Amino acid sequence: MTKKQHAEQICNILNKEYGTDLRCYLEYDHEKPWQLLIATILSAQCTDERVNMVTADLFKKYKTLQDIAGADLKEFEKDIYSTGFYHNKAKNIIACAGALIERYNGEVPSDIDELVSLPGVGRKTANVIRGNIYGISSIVVDTHVKRISRLLGLTEETDPIKIELKLMEILPKEQWILYNFQVIAHGRKICIAGRPKCSSCVLNSICKSYKEKKQ
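A quick note: this is a predicted structure, and the numbers were derived from the prediction, not measured.

**Student:** Explain the overall build of the protein chain to me, please; I cannot follow it from the model alone.
**Tutor:** A count of helical and extended segments in the protein chain gives 12 helices and zero strands. Each helix and strand of the protein chain, ordered N terminal to C terminal, gives the series α-α-α-α-α-α-α-α-α-α-α-α. Taken over the C-alpha trace, the protein chain has a radius of gyration of 18 Å; the compact-globule value for 215 residues is 17 Å, and the two agree within 12%. By principal-axis analysis of the C-alpha atoms, the protein chain measures approximately 60 × 30 × 30 Å. Every one of the 215 residues in the protein chain was classed for burial, and the buried ones make up 47%. Of the contacts formed within the protein chain by residues at least 6 apart in sequence, a portion of 60% connects residues at least 24 apart. When the 31 positive and 27 negative side-chain charges of the protein chain are each reduced to one mean point, those points stand 8 Å apart.

Shown next as structure tokens:
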């Protein structure tokens, strides 16, 4: 079986198990794409649940990009403290808001090179925006996608960019955005880091890691 055929098998099982409805786990005003950009920056090394708790108050206090660009750094650090790495996140978010205003008239760009040029924005964050805001087929390599894709035998790479490129090569394009949502759900429910429920996993018959454990 080729890697593409293996990937298609996995996608078919994930579609049956988790459905094909797209749902972003980060909460934001859909008329304000910049909110998702900021929430995604905050989500680095932090749970979506925690980010949603923080942004519920944050976006009431800072209602516009101008409010964030003009925020006091120390005060903003306190506002986002519980998301971790708050010094860098606060500095980057304030700078990112300023860059969006100066370069893009407050609009969030869709081009990946323009997105990653913004302070605090890497490929993962850029692909979240491209997929959720613009519906552009993209693969988000977060900790779940990296870990589970390797366990399933879809890639041997460890570098997120190389994983992204490999998954783009073997996954059907219509599954790119879906794959991330489905794998996050699977990682939280079944393939939990450090304590996976392999015997209950719908993918165990085709999972490289599970087959190796059984040998």
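**Student:** Just checking my understanding: could you explain helix α10 (residues 160-170) for this structure?
**Tutor:** For α10, the set of buried residues is I163, E164, L167 and I170. Angularly, the buried residues of α10 cover 140° about the axis, an arc narrow enough to put them on a single face. Its side-chain oxygen at 3.2 Å from the backbone nitrogen of I161, D159 defines the N-terminal cap of α10.

**Student:** How should unusual backbone geometry be read in this particular structure?
**Tutor:** Excluding glycine, most residues fall at negative phi; most peptide bonds, likewise, are trans. Residues other than glycine seldom take positive phi values, yet Q45 does so here, at roughly 55°. If you trace the backbone, Q45 turns up in the loop between α2 (33-42) and α3 (48-61). The class of Q45 is exposed, set by a relative accessible area of 65%. We note that F85 has phi near 50°; this positive angle belongs to a residue other than glycine. Of note, F85 is situated in the loop between α5 (73-80) and α6 (86-104). A relative accessible area of 56% means that F85 is categorised as exposed.

**Student:** Looking at this model, I keep getting lost on the pattern of salt bridges. Mind explaining?
**Tutor:** Here the idea is simple: oppositely charged side chains can pair when their charged atoms come close. All told, the structure shown has eight salt bridges when counted by the stated rule. A salt bridge links E75 to K61; its shortest N-O distance comes to 2.6 Å. Linking E75 in helix α5 with K61 in helix α3, this pair joins segments that are 14 residues apart in sequence. Judged by relative accessible area, which is 37%, E75 ranks as partly exposed. Residue K61 is classed as partly exposed on the basis of its relative accessible area, which comes to 40%. For E169, the salt bridge identified is with K166, shortest N-O distance 3.4 Å. Separated by three residues within a single helix, E169 and K166 lie in helix α10, roughly one turn from each other. Accessibility expressed as a relative area gives 47% for E169, which makes it partly exposed. Given a relative accessible area of 22%, K166 falls into the partly exposed group.

**Student:** Any chance you could explain the environment of D29 here in plain terms?
**Tutor:** Tracing the sequence through the fold places D29 in the loop between α1 (3-18) and α2. Separated by 30 residues in sequence, D29 and F59 place their C-alpha atoms 9.2 Å apart.

**Student:** Please explain the packing of α5 against α6 as it appears in this structure.
**Tutor:** Angle between the axes and distance between the axes are the two parameters that describe a pair of packed helices. As a packed pair, α5 and α6 sit with axes 9 Å apart at the nearest point and diverge in direction by 120°. Looking at the two axes, α5 sits oblique to α6. For the crossing formed where α5 meets α6, the hand is right-handed. Judged by residue contacts, L73, F76, E77 and I80 of α5 engage Y86, H87, K89, A90, K91, I93 and I94 from α6. Grouping the constituent residues of the contact of α5 with α6 by class yields seven nonpolar, one polar and three charged.

**Student:** Explain the packing of helix α9 (residues 143-151) against helix α11 (residues 176-189) to me, please; I cannot follow it from the model alone.
**Tutor:** Following both chains from N to C, one finds α9 and α11 inclined at 80°, their axes separated by 9 Å at the closest point. As judged from the angle between their axes, α9 and α11 are roughly perpendicular. Along its contact with α9, which presents H144, V145, R147, I148 and S149, the element α11 presents Y179, N180, V183, I184, H186, G187 and R188. For the contact of α9 with α11, the class distribution of residues is five nonpolar, five polar and two charged.

Definitions and cut-offs
- Residues numbered from 1 in each chain as written.
- Predicted model: local features only at pLDDT ≥ 70, side-chain atom pairs only at ≥ 80, totals over all residues.
- Heavy atoms only, no water.
- Helix = DSSP H or I, 4+ residues; strand = E, 2+ residues; numbered from the N terminus.
- Rg over C-alpha atoms; globule rule 2.2 N^0.38 Å.
- Buried < 20%, exposed > 50% of the residue type's maximum accessible area, 1.4 Å probe, protein only.
- Contact = heavy atoms within 4.5 Å.
- Lys, Arg positive; Asp, Glu negative; His and termini not counted.
- Charge placed at Lys NZ, Arg CZ, Asp CG, Glu CD.
- Arc of directions from axis to C-beta.
- Polar contact = N/O pair within 3.5 Å; in protein donor to acceptor, adjacent residues only side chain to side chain.
- Salt bridge = Lys/Arg side-chain N within 4 Å of Asp/Glu carboxyl O.
- Axes fitted to C-alpha atoms, helices over the stretch in contact; angles between N-to-C directions.
- Parallel < 35°, antiparallel > 145°, perpendicular 65-115°, else oblique.
- Left-handed = near helix turned anticlockwise from the far one by under 90°.
- Nonpolar A, V, L, I, M, F, W, Y, C, P; charged D, E, K, R; others polar.

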